[in-house]
Amino acid sequence: MGVLNVTPDSFSDGGRHDTFEAAVAHGLLMVAEGADIVDVGGESSRPGAEPVPVAVELERVVAVVEALAGRVRISVDTVKPEVATAAVRAGATLVNDVSASLWEEAAARGVGWVAMHMQGAPRTMQEDPRYGDVCREVWDFLLDRARVALAAGVGEVWVDPGIGFGKTAAHNLSLLRHLPELVEVASEAGCAGVLVGTSRKSFLGGSGPDDRAEGSLATAAGAMVAGAGMVRVHDVAATVQATRLYGPAA
Ligand code: HH2
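Definitions and limits used
- The written sequence of each chain sets the order in which its residues are numbered from 1.
- Note on the predicted model: pLDDT of at least 70 is required for a residue's local features to be given, and 80 or more for side-chain atom pairs to be given and counted; whole-chain, interface and lining totals, by contrast, use all residues.
- Values reported for side chains reflect all heavy atoms of the structure, with hydrogen atoms and water molecules removed beforehand.
- We define proximity as follows: a residue is near a molecule or strand when any one of its heavy atoms falls within 4 Å of that partner.
- Residue polarity is assigned by list, with Asp, Glu, Lys and Arg as charged and Ala, Val, Leu, Ile, Met, Phe, Trp, Tyr, Cys and Pro as nonpolar; anything else, Gly included, falls into the polar class.
- Helix numbers and strand numbers start at the N terminus; a helix is a DSSP run of H or I with at least 4 residues, a strand a run of E with at least 2.
- Type-normalised accessible area, obtained with a 1.4 Å probe on protein chains alone, sets the label of each residue: buried when under 20%, exposed when over 50%, and partly exposed for intermediate values.
- When charges are tallied, Lys and Arg are placed among the positive residues and Asp and Glu among the negative ones, while His and the ends of the chain are skipped.
- The salt bridge definition used is simple: a Lys or Arg side-chain nitrogen within 4 Å of an Asp or Glu carboxyl oxygen.
- Here a polar contact means two N or O atoms within 3.5 Å. Within protein one must be a hydrogen donor candidate and the other an acceptor candidate, and residues neighboring in sequence count only if both atoms are side-chain atoms.
- The contact rule is simple, with two residues in contact once any of their heavy atoms fall within 4.5 Å.
- Among buried residues, the Ala, Val, Leu, Ile, Met, Phe, Trp, Tyr and Cys ones that are joined through side-chain atoms within 4.5 Å form a nonpolar core.
- Only residues whose relative accessible area exceeds 30% and that form no salt bridge enter a patch; like-charged residues are grouped when within 9 Å of one another, and nonpolar side chains (Val, Leu, Ile, Met, Phe, Trp, Tyr) when within 5 Å.
- Each accessible area value is a Shrake-Rupley result obtained with a 1.4 Å probe; residue values ignore everything except the protein chains displayed when judging cover.

A. Representation of the site of the ligand within the structure. Residues in close proximity to the ligand total 19 residues, the closest being Ser10, Ser44, Asn96, Asp160 and Lys201. When grouped by side-chain class, the residues that make up the shell around the ligand number 7 nonpolar, 7 polar and 5 charged.

Dropping the structure here:
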């Protein structure tokens, strides 16, 4: 899954693809590089991000989805039901939902759904994240949401531990280390698979998002070895090489 943020403020690619032309060009580049899915987002969920009005998000996302939908599978990265619905009408077939709350929209529209775990909300989630047992709490939350969505009629449910969403570096590493457990329970529950997004995130270290290519690739490969069925990345070409060695079809 290649990341396409049509935003001025995303933590890594903000402002790089925030015109229609630049967004479509970058989407097509990721298709050429081998992305199976392009994840179009119009609202940053980085730590400290402020929510964007529905009209603004629709304006950023819908035309780009429409332009790319004939070329590659499109997911829409949103927490707003109106945006999910409009993007699906424009051709998206997967709702990537960091709030894990939009299963009814996915069921009603007959598309897939990604349920991601987040503690708190983006504006404050990194202030002091705490857990008793981070893996247990994250797995239990995701399985609960997956069961509800499957019972509501969503045919394709992915679960995602939400790396960096209300988690310290130690929490992220613990979730990644124990990923095979989530892969197993998610499969038993009838999920399509586990999605993992570590790309360019701050727990990898480095001097900034553009200085995290190695950690991004290492953690994507590690997630695939652990059984993740999908990785959400900015650097598609490098990750596709790793996918050929370690990915689900390897
Ligand atoms: N991470 C981000 C956004 N959406 N969706 C899923 N399912 N999993 C993730 O880990 C995930 C996600 C944050 O990264 P990015 O889109 O690059 O930045 P921003 O939120 O600032 O737009």
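B. Highlighting the side chain of aspartate 97. Locating aspartate 97 in the fold gives a position in strand 4 (residues 94–97). As a buried residue without a salt bridge, aspartate 97 has its nearest oppositely charged side chain in arginine 145, at a separation of 6.8 Å. Within polar-contact distance, the side chain of aspartate 97 engages the backbone nitrogen of leucine 102 at 2.6 Å. Apart from the residues within four sequence positions on either side, aspartate 97 is in contact with Thr78, Val79, Leu102, Trp113, Val114, Ala115 and Met116.

C. Region of interest: the nonpolar core. Ranked by internal contacts, the top residues of the largest apolar core, which has 60 residues, are Leu4, Val40 and Trp113. Top element by residues in this core is helix 5 (residues 134–152). It accounts for 7 residues. Setting aside anything within four residues of it in sequence, one finds valine 40 in contact with Leu4, Val6, Val61, Val64, Val65, Ile74, Ser75, Val76 and Asp77. Membership of the second largest hydrophobic core comes to 7 residues, among which are Met1, Ile37, Leu94 and Leu195.

D. Spotlight on a nonpolar patch on the surface. A contiguous nonpolar patch, built from Val225, Leu245 and Tyr246 and spanning about 340 Å² of accessible area, is present on the exposed surface. One can find tyrosine 246 in helix 9 (residues 236–246). Residue tyrosine 246 is classed as partly exposed on the basis of its relative accessible area of 44%.

E. Focus on the pattern of salt bridges. One pass over the full model with this rule turns up 11 salt bridges. Linking arginine 46 and aspartate 9 is a salt bridge whose minimum nitrogen-to-oxygen distance equals 3.2 Å. Of this pair, arginine 46 sits in the loop between strand 2 (37–41) and helix 2 (54–68) while aspartate 9 sits in the loop between strand 1 (2–5) and helix 1 (20–33), and the two are 37 residues apart along the sequence. Since its relative accessible area comes to 27%, aspartate 9 is described here as partly exposed. Of the charged contacts, one joins glutamate 43 and lysine 80 as a salt bridge, the two residues approaching to 2.9 Å between their closest N and O atoms. With glutamate 43 in the loop between strand 2 and helix 2 and lysine 80 in the loop between strand 3 (73–77) and helix 3 (81–89), the pair connects residues that are 37 residues apart, well separated along the chain. In this structure glutamate 43 comes out as buried when scored by relative accessible area, which is 15%. One salt-bridge network, held together by shared partners, links Arg16, Arg200, Asp210 and Asp235.

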